[in-house]
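Each chain is listed here by its residues.
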Amino acid sequence: MRRVAALVAAGWVAGLAAAWAVAPAASAAPAPALSSTATASRPPALTLTVTDMDPWTPARTTTRQPLTITVQVHNTTGSALDHVTLSAGRGNPVTSQFGTQGLDTVLADHKLPSGLRPIPAQPTSDSTLSVPAFGTVQATFRTTTSTSTSPTPGICLCANSAYPVYLSATGSSGTELGFTRTWVASTAPLTDTEGNPLRRVGVSWVWPLIDVPHRLADAHVFTDRTLPTELERNQRLSRALKVVEDVGVDHPMTLVVDPELIDEVAVLAGGRYSYLSAAGKTERGDGKVAAAAAWLDRLRQVIDYPDVRVEFTPYADPDIQSLTSSHLGYHTRMNPTMLARVVHALGGRRTLPSTVSWLPGGAADQRTLTRIAGNGATDVILDGSSVRPTNLGGLPASAATLHTRHGDLSAALTSPAMQSDVAAGIAEGTGDSGPSDLSHLPSLLAEIAVRADTQPYEARTAFLAAPRYVNPDVASAEAVIRATTTSTVAEPSSLSDALTRGVAEGSPKARARHLSASTPTLSPDLLVSAHDVRHALPALYALLVGSGQTPTAKPLLAGVGRGLQRIESAAFLSTSTTAGPRTGVRRAAQLRRQTDSLLRGVYIVRPDSDHGAYTYTLTSKNSPLPITIDNTLPYRVFVHIEISTVGGLPGLTTGDIGTKSVAADSKQTFRVPAHLQRSGRFALTATLSTPGRDHDLGAPVRLTVHSTVVGTIGIVITVVAAIVLVLALLVRYIRRIQRLRRKRRASSGLPRVPEKIGT
């Protein structure tokens, strides 16, 4: 229950003392005057907590009706306190000071009058208490209620509203030892004095069955051992389902379920699962299938309740706002294998894409709302403070219409103050033996009562949602749900009916506010890992599927995609009460290591030489270069090999051998054709990549090539030299013949012929 500022101010104490001084005494002694000894600097000796009220919302009738308030009194001191007197006083109804202020502000900061109307106790009340040191006792304060203003004992419910009631514990000397405030909410019958119908507030409850994802890429490998325990009796998920079993049978409820949780429980119930140890090794499952199978049986019965409407989050319940802000995607549909398991687990019920979206952080910007509408949602559940306008004439808006590029969204708006009371009232517990703490229920009912009283002839709605990872005390949760839906101020309503009624009654056109710095988001480190995994997925598909169809690798790739959405779960927000950011960052890093290991599992075999480079000697113009690929993965892979000279040095070019496949767990050598244009030494780089050359696999490998092949220039020079040599030999031969002819003529006495060749 909200604290009230200056609750122990001297003016209130004096006024209350004066009011109680004239209170009529039944069988108990008059309440002693209160002093102002308890101050903000010194905590009270006693803390008072209202744990029950019967009835929670008294009817406004002229006939006096009994009212019993149960109070838990705890002694914070090391001394026993005897002769403690419990007294009460009533303040003015909220509507008398409502004005134009917001309802939440009025209830949280209600200004107390200078004096309170005393509430006489019935003789059966626990008027005098003894509280042991550091001990706790339970006391009851009994009185009556009616609409009568006559000075008869009891509380006068003079208006349709919520009345603040102050309970005080005083010592034998009249010293105030402690006090608390609670609320008595009441409204008129269903018709006014003229017979005109009065409208109760339609209260719609949203109840989640959501948990942190317990898997990454493999559907049958769990990252921890907590889920089987949570499904056992009196554990979190079992108690959350128990509330729906007990209340949903006769109360409309909207059940928001994560299909990832259903799939996990179905895998556990099947018995074929294992755990991932801290060392990264898989360990056989512990065979805890009975609790999982029983939980699914109970869920199948619940979803058949006529008043229970089931909506599904995208699997793994991703934080859509963080993903939209980070330009990351998410899937609204499951893959066929997962869908088949979930449908079978739900007894054949199809998990069609839901039309209701419940934003994990309670807030969304306009881009996110547009994205949600584009994915088929028509209704959205938001924190009322995340849209504008937030109230109408002081009354918080409970429904609004949000316009997006893909159509309008009907928004169910929750009240932050009411949600705080819901979370505290449901309370964590370990069993279902009885309500543990319902001290926040009166203020929750007070807010509903004021809604009913503000415009009694018009339909009013209130949307209440349990915490996303609710860990309820069963009895407390059931008491809160029933009290808020079946009372003099409220009636149960389904989410769709409440939204329809809210929109029909003229819900305001609203827009999403700009997100504040306090809006919860996924960790930056997690988002970086998510980006890395998402960018690696196309490379993995190219590596493991290529241009063909590889059935053995497709489940692995689908698992990586699901693992990506699992690390984007809202369970890893800073506000999460289950896993939190650290677990999310650790899971994201684990998934990134898995994808990196796949991409590192295929590489070019490096030489054993100290220089770390292959050395080849090529003697032919068209000599192939052998490249060995090592595939350490249990899947056939598809790769592309590229060899180029360092720095683009001319003289050697290589051919493209296209996409090549390498069998699982094997090495294979490929010969890449090389074309030499000259002799000499060449430094080359061999690179392995996925088909399409979008992602390199492993580190490049250096090659050194020695060529003894004569190049084109050498050939030209050689040919020219040969031609010159032939010409020179020819000239020399001709000259020799000519000389021989001259000698013959000279010896025969023939006249000398002039030389025409040479000089």
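The notes below deal with the structure included here. As the structure is a prediction and not an experimental result, all values here were calculated from the model.

### Structural notes on the overall build of the protein
When you go through the protein residue by residue, the secondary structure sums to 17 helices and 34 strands. Expressed as a percentage of its 759 residues, the buried residues of the protein come to 52%. Here the analysis covers contacts within the protein between residues at least 6 apart in sequence; of these, 77% occur between residues at least 24 apart. For the protein, the exposed surface amounts to about 33600 Å²; the carbon and sulfur share of it is 54%.

### Some words on the environment of Ser 168
Take Ser 168: it is sitting in strand E8 (residues 161-170). Remark: the alpha-carbon pair of Ser 168 and Thr 85, spanning 83 residues in sequence, is separated by 8.0 Å.

### Observations concerning the packing of helix H5 (residues 259-270) against helix H8 (residues 336-345)
How two helices pack is summed up by the angle between their axes together with the distance between the axes. Two elements in contact, H5 and H8, have axes whose closest approach is 9 Å; the angle formed by their N-to-C orientations is 80°. The orientation of H5 relative to H8 falls into the category roughly perpendicular. Across the interface between the two elements, Pro 259, Glu 260, Ile 262, Asp 263, Ala 266 and Val 267 of H5 pack against Met 338, Arg 341, Val 342 and Ala 345 of H8. For the contact of H5 with H8, the class distribution of residues is seven nonpolar, no polar and three charged.

### Quick look at the nonpolar core
Residues Leu 46, Ile 69, Trp 207, Leu 255, Ile 262, Trp 295 and Leu 299 are the most contacted members of the largest nonpolar core, which totals 94 residues. Counting residues in hydrophobic clusters, the runner-up holds 52 residues, among them Leu 382, Ala 400, Ala 412 and Ala 498.

### Examining the side chain of Thr 370
With respect to the secondary-structure elements, Thr 370 resides in helix H9 (residues 366-374). Since its relative accessible area comes to 11%, Thr 370 is described here as buried. Look past the residues within four positions of Thr 370 in its chain and what remains in contact with it is Thr 404, Arg 405 and His 406.

### Section: the packing of helix H4 (residues 236-247) against helix H6 (residues 290-302)
At a minimum axis separation of 10 Å, H4 and H6 run at an interaxial angle of 25°. As far as their axial angle goes, H6 and H4 are roughly parallel. Seen from above, H4 lies across H6 with left-handed handedness. From H4, Leu 237, Ser 238, Leu 241, Lys 242, Val 244 and Glu 245 reach across to H6, where they touch Trp 295, Arg 298, Leu 299 and Val 302. Of the residues in the contact of H4 with H6, the class split is six nonpolar, one polar and three charged.

### Observations regarding the environment of Ala 452
Relative to the helices and strands, Ala 452 is located in helix H11 (residues 441-454). Taking the C-alpha atoms as reference points, Ala 452 and Gly 202, 250 residues apart in sequence, are found 9.3 Å from one another. Leave out the neighbours within four places in its chain, and Ala 452 touches Arg 199, Val 201 and Val 489.

### Here we look at the sheet that holds strand E6 (residues 136-146)
In space, the four strands of this open sheet follow the order E1-E2-E6-E7, with mixed pairing throughout. Here the strands that pair on one side only, and so sit at the sheet edges, are strand E1 (46-54) and strand E7 (155-156). As defined by bridge partners, strand E2 (residues 65-75) adjoins E6 across ten bridges and the pair is classed as antiparallel. Residue Pro 66 lies in a different strand from E6, and its bridge partner there is Thr 144.

### Regarding helix H15 (residues 554-567)
The end-to-end C-alpha distance of H15, which contains 14 residues, comes to 20 Å, matching closely the 20 Å that a straight helix rising 1.5 Å per residue would cover. Most of H15 is tucked away: ten of the 14 residues are buried. By the burial criterion, the buried members of H15 are Leu 557, Gly 559, Val 560, Gly 561, Arg 562, Gly 563, Leu 564, Gln 565, Arg 566 and Ile 567. The inward-facing, buried residues of H15 abut H5, H8, helix H14 (524-544) and helix H16 (581-599).

Rules of the game
Residues numbered from 1 in each chain as written. Predicted model: local features only at pLDDT ≥ 70, side-chain atom pairs only at ≥ 80, totals over all residues. Heavy atoms only, no water. Helix = DSSP H or I, 4+ residues; strand = E, 2+ residues; numbered from the N terminus. Buried < 20%, exposed > 50% of the residue type's maximum accessible area, 1.4 Å probe, protein only. Contact = heavy atoms within 4.5 Å. Areas by Shrake-Rupley, 256 points an atom, 1.4 Å probe, with all protein chains shown as cover. Axes fitted to C-alpha atoms, helices over the stretch in contact; angles between N-to-C directions. Parallel < 35°, antiparallel > 145°, perpendicular 65-115°, else oblique. Nonpolar A, V, L, I, M, F, W, Y, C, P; charged D, E, K, R; others polar. Core = buried A, V, L, I, M, F, W, Y, C linked by side-chain atoms within 4.5 Å. Left-handed = near helix turned anticlockwise from the far one by under 90°. Pairing = 2+ DSSP bridges. Expected span 1.5 Å × (residues − 1).

Keep in mind that these numbers describe shape and distance, not what the molecule does.
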